[in-house]
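As a plain string of letters, each chain reads:
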Amino acid sequence: MIKRLNRWFDDRLGASGFVRTALNKVFPDHWSFMLGEVALYAFLLLLLTGIYLTFFFEPSLKEVVYHGAYRPLRGVEMSQAYESTLRLSFEVRAGMVMRQMHHWAAIVFLAAIVVHVGRVFFTGAFRRPREINWIVGCSLLVLAMANGFAGYSLPDDQLSGTGLRIAYSIALSIPLGGTWVAYLLFGGEFPADSIISRLFVIHVLILPALILGLLGAHMAILWRQKHTQFAGPGKAEDNVVGSRLWPSYALKSTGFFFLVSAVIAFLGGLAQVNPIWLYGPFRAADVSAASQPDWYVGWLDGALRVFPPWEIRAFGHTVPGVFFPGVLLPTVSFGLLFGWPFIEARFTRENDREYHLLNRPRERPVRTGIGAGVISFYVILFLAAGSDVLATVFDVSVTGLLVAFRVALLAVPPVVTYVTYRLCKEAGSLSDEEVAPPVVVRTPSGGYLVEGERHGNGGDGVDRADGIREKR
Amino acid sequence: MTETSRAERRTERAIALALVLSTVAALGLAVVYATGGQVQLEGALLGTSLAALGWALAAWGKHLLPSGPFVQQRHGMAETDPDPAPVSRLVDERTGEASSGPGAGADTEGLGAVGRRPFLVKLLVGAAGALGVAALFPVRSLGPDPGRTLFRTSWRAGSRLVTEEGRLVRAGELEVGGVLTVFPEGHMGEADAQTLLIRATDDDLQTRPGRAGWAPGGHVAYSKVCTHAGCPVGLYQVATRQLLCPCHQSLFDVIDGARPVFGPATRSLPQLALLIDDDGYLAAQGDYDEPIGPGFWERP
């Protein structure tokens, strides 16, 4: 029956050639190649849970008085956006778990993308012919960050409203057209009444469509170029060694989708995230201490905190202080990120042919050193975004802490770069034989032997007498 | 290169004319939008621009480019085509100027590739560009002209201070060391008008030149919008008499005109000149004398 059905499709679509290639497609096995899959599956989950949330969320700033199930806020005036978020959290069955899964999926999505970018960077997987996919991937990172920010701003709570206020100030700080950019985006002077409905369209339509499109391109290019692999027995620049799409890889990967979903489901049910009912509805004149954005925007908030008070006034104009950490820093950061394959190739000249075998990070001390230094820079910025919380927890002065962060930002990355560079050099100068540590084994008679120096070994590393496997 | 026939030249002229028409209509559309917009004109001009562009492209393809008939073999569904030439060469053959090169079967019919008519290509780019620009104009509808709105707030001479609950503030009711968020009467909750009323003593305050009489009875008022990134400067530390912005930890010295003493803020919080009116209520002498909040390009 299935045979006949397949035959029927064969005669009509003539896809057998393509399907055969597809089913036989080989995917190399390495744990680090699953990071991108985590991102993909988190995105699928975002779509599924997000669609559910749109049935209940009301993207409106119309003021209403709350009469819902959450007692502490009864009688409080709030926007419909906030009220409907409370309702879908407390009164819609399965609403809370869907909302928290959605938020956790976003957190995991961004984390997976960032680690995936790191994997691609440190193994040199961006080299020719994969520069286009690097750019597509970086675009996905930017879009994911933007959509995350748009998403957690939707409930119109005190915390996200403060974030929007800062985003508005950053938009204002753009030289030449800043006020126009801010007014066209928000629909007028902050807090103009159309921002939530606009963010809604951006969050559920525009950005997801772009992400979906680029994701398709990302995978199509990956499919076309085939996966990279680490060097090893039988692995060469002109082949791919691994398991076939059908049946083994497909089953493993589908299983992995459910595992990723399971983690997010556990988190969504068991770990509270973004409890907007504790923050209260947004009031322009209110603010709470410990105002931190979601983790992936943390570096920007940290930069706003530690940047020195510079504001340039010249020719009757102002370049606001926020411009440097809020506009210039991200522009330069993403500029360097997008341009890295081309920057590196200028020095290494590695665009003469195709590179399909990956580097071990230790094989490229300069790249690995720079990457580690850059990561330390952004980690410090991220920590600086928690300066007020850190000051409270460790009972130190917040001003002293910020000064320390300023110093660390300048001092730590060069040190990290140098140390990483040295470590890579050291590791790279040793051959595998020398790297393998000696294994000391106690013999049945009570003596000690260094494994490998002993006689009577089968030569394959396995001591048949006591079953001890030689460490390599 | 073969001689262009008269009919062909006539077609070229018609296409050029259509492209010019499309450009003009698109520019007209932009002008109509910029001068206030008019629905019938907008539709008619957009339609004209699109139709002329569409007709030009169709006519170009039909009359000036090789139209065959070409023959393609049909395979059984199980077979597939062999891999074609690289895309870069294909594109070059079909659209570039190399119509005399190998593989350009067009020559035999006296019809060239697209690139053979640089003048039409330029007109096409112009028409598409004009339409693109005209299509961008409606972005302007997304928000109002900033104008001078960032330079002023709703505070006016004689505006009484009201609390967040809408209560008027009587002089002296706030104890020394106390702090209140206030708005101009009738504009409660307005984001840019939010102001902090702090009670100090006359002896404490260092009055800046030109600000004498702005803080009657030790009532001093500053804009609550941080001059760094616009968060409400929400935390008043009575002991040090400093205001702390909880977002990015800028510190302002209340005694010394809310001067920034630490953090990323560069400017003092603007001070609101206060008076005590005849009924004993606190009121403003006028609006702030400088734009409140974070910096922007047009700020002097």
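Residues numbered from 1 in each chain as written. Chains lettered and ligands numbered in written order. Predicted model: local features only at pLDDT ≥ 70, side-chain atom pairs only at ≥ 80, totals over all residues.

A. Focus on the overall build of chain B. Per the secondary structure count, chain B includes four helices and 11 strands. The C-alpha atoms of chain B give 35 Å as radius of gyration, which overshoots the globular expectation for 300 residues (19 Å, by more than 25%). Across its three principal directions, the C-alpha atoms of chain B cover 100 × 45 × 40 Å. Across the 300 residues that make up chain B, the buried fraction comes to 34%. Across chain B, the fraction of contacts at a sequence separation of at least 24, relative to all contacts at a separation of at least 6, is 54%. (Helix = DSSP H or I, 4+ residues; strand = E, 2+ residues; numbered from the N terminus. Rg over C-alpha atoms; globule rule 2.2 N^0.38 Å. Buried ≥ 20, exposed ≤ 12 C-beta atoms within 10 Å, placed from the backbone. Contact = placed C-beta atoms within 7 Å.)

B. Structural detail: the overall build of chain A. The number of helices and strands found in chain A is 17 helices and 10 strands. By principal-axis analysis of the C-alpha atoms, chain A measures approximately 85 × 70 × 55 Å. When burial is assessed residue by residue, chain A has 35% of its 472 residues classed as buried.

C. Quick look at the domain arrangement of chain A. Looking at the assigned domains, one finds that chain A contains domain 1 (43–284) and domain 2 (437–472). The distance between the C-alpha centroids of domain 1 of chain A and domain 2 of chain A comes to 53 Å. (Domains from an automatic or database assignment.)

D. Quick peek at helix H4 (residues 118–136) of chain B. All names here are of chain B. The end-to-end C-alpha separation of H4 is 27 Å, in line with the 27 Å expected for 19 residues at 1.5 Å each. All of the buried residues along H4 are Leu 123, Leu 124, Ala 127, Ala 130, Leu 131 and Ala 134. For H4, the angular spread of the buried residues around the axis is 130°, confining them to a single face. Of the exposed residues in H4, the ones pointing more than 90 degrees away from its buried face are Pro 118, Lys 122, Val 125, Gly 129, Gly 132 and Leu 136. Residues of H4 that are buried in the fold lie against helix H1 (6–34) and helix H2 (39–64). (Expected span 1.5 Å × (residues − 1). Arc of directions from axis to C-beta.)

E. Examining the domain arrangement of chain B more closely. Split by domain assignment, chain B resolves into domain 1 (6–70 + 80–142) and domain 2 (149–284). Each of domain 1 of chain B and domain 2 of chain B was reduced to a C-alpha centroid, and the two centroids are 62 Å apart.

F. Structural view of the packing of helix H5 (residues 95–122) of chain A against helix H10 (residues 245–270) of chain A. Residues and elements named next belong to chain A. One way to put it is that H5 packs onto H10 with a least axis distance of 8 Å and a crossing angle of 125°. Relative to H10, H5 is oriented oblique. The crossing of H5 and H10 is right-handed. Contacts from Val 97, Gln 100, Met 101, Trp 104, Ala 105 and Val 108 of H5 reach H10 at Ile 264, Ala 265, Leu 267, Gly 268 and Gly 269. In the contact of H5 with H10, the residues fall into eight nonpolar, three polar and no charged. (Axes fitted to C-alpha atoms, helices over the stretch in contact; angles between N-to-C directions. Parallel < 35°, antiparallel > 145°, perpendicular 65-115°, else oblique. Left-handed = near helix turned anticlockwise from the far one by under 90°. Nonpolar A, V, L, I, M, F, W, Y, C, P; charged D, E, K, R; others polar.)

G. Representation of the sheet that holds strand E8 (residues 259–262) of chain B. All names here are of chain B. Spatially, four strands are ordered E5-E6-E7-E8 in an open sheet, and the strand pairing comes out antiparallel. Two strands in the sheet have a free side with no partner beyond their single neighbour: strand E5 (235–237) and E8. Between one strand axis and the next, the sheet turns by 35° as a mean value, whatever way the strands run. Bridging between strand E6 (residues 242–244) and strand E7 (residues 251–253) involves three bridges; their strand directions are antiparallel. Residue pairing for E7: Leu 243 is matched across the bridge by Phe 252. (Pairing = 2+ DSSP bridges.)

H. Examining the pairing of strand E3 (residues 195–199) of chain B more closely. Residues and elements named next belong to chain B. Taking burial as the measure, the five residues of E3 include four buried ones, the bulk of the element. Here strand E2 (residues 179–184) pairs with E3 via four bridges, running antiparallel. Each residue of the ladder has a partner; that of Val 179, found in E3, is Ile 198.

I. Main features of the sheet that holds E3(B). Residues and elements named next belong to chain B. Overall, antiparallel pairing links the five strands, which are arranged E1-E2-E3-E4-E9 in an open sheet. Taken across any chain shown, the strands that pair with only one partner, and hence form the sheet edges, are strand E1 (161–163) and strand E9 (271–272). Bridge count for E3 against strand E4 (residues 219–223) is five bridges, and the pairing is antiparallel. Looking at E4, one finds that Leu 196 is bridged to Tyr 222.

J. Structural detail: unusual backbone geometry. Residue and element names in this part refer to chain A. Here the residue pair Arg 128 and Pro 129 is connected by a cis peptide bond, since its omega of 10° sits within 30 degrees of zero. For the bond running from Trp 246 to Pro 247, omega is 0°, close enough to zero to count as cis. Note that Pro 247 resides in helix H10. Phi is positive for Asp 156, which is not a glycine, with a value near 60°. Its 26 C-beta neighbours within 10 Å are what place Asp 156 among the buried residues. Phi is positive for Leu 176, which is not a glycine, with a value near 70°.

K. Structural context of the confidence of the model for chain B. Residue and element names in this part refer to chain B. Averaged over every residue, the pLDDT of chain B is 87; residues scoring 70 or more account for 90%. Within the model, pLDDT remains below 50 along residues 98–111, and this stretch shows 24 contacts once partners closer than five positions in the same chain are excluded. For this predicted complex, the interface confidence comes out at an ipTM of 0.87, alongside a pTM of 0.89. (pLDDT = per-residue confidence, 0-100.)

L. Highlighting the packing of helix H14 (residues 365–384) of chain A against helix H16 (residues 398–429) of chain A. Residues and elements named next belong to chain A. Interaxial distance between H14 and H16 falls to 8 Å at its minimum, and their mutual angle equals 150°. In terms of orientation, H14 and H16 fall into the roughly antiparallel class. The two elements H14 and H16 meet at a crossing, and its hand is right-handed. Per-class residue counts for the contact of H14 with H16 are 17 nonpolar, seven polar and one charged.

M. Fine view of the confidence of the model for chain A. Residue and element names in this part refer to chain A. Scored by pLDDT, chain A comes out at a mean of 91, with 94% of its residues at no less than 70. Looking at the elements of chain A, mean pLDDT is at its lowest for helix H17 (residues 432–435), recorded as 54, and at its highest for H5, recorded as 98. Low pLDDT (under 50) marks residues 456–472, which in the prediction has 15 contacts with non-local residues, meaning those over four places away or in another chain.

N. Region of interest: the environment of A:Leu199. Here A:Leu199 is to be found in helix H9 (residues 195–225). If we skip the residues at most four places from it in the chain, A:Leu199 touches A:Ala150, A:Ser153 and A:Leu154.

O. Representation of the nonpolar core in the model. Ranked by size, the top nonpolar core spans 129 residues in total, and within it A:Ala42, A:Ala105 and A:Phe109 carry the most contacts. Of the residues forming this core, the biggest block, 14 residues, is contributed by H5(A). Excluding residues that lie within four positions of it along the chain, A:Phe109 makes contacts with A:Ala39, A:Ala42, A:Phe43, A:Leu46 and A:Ala144. In this structure, B:Ala25, B:Val32, B:Leu53 and B:Leu131 belong to the second largest nonpolar core, which totals 19 residues. (Core = buried A, V, L, I, M, F, W, Y, C linked by C-beta atoms within 7 Å.)

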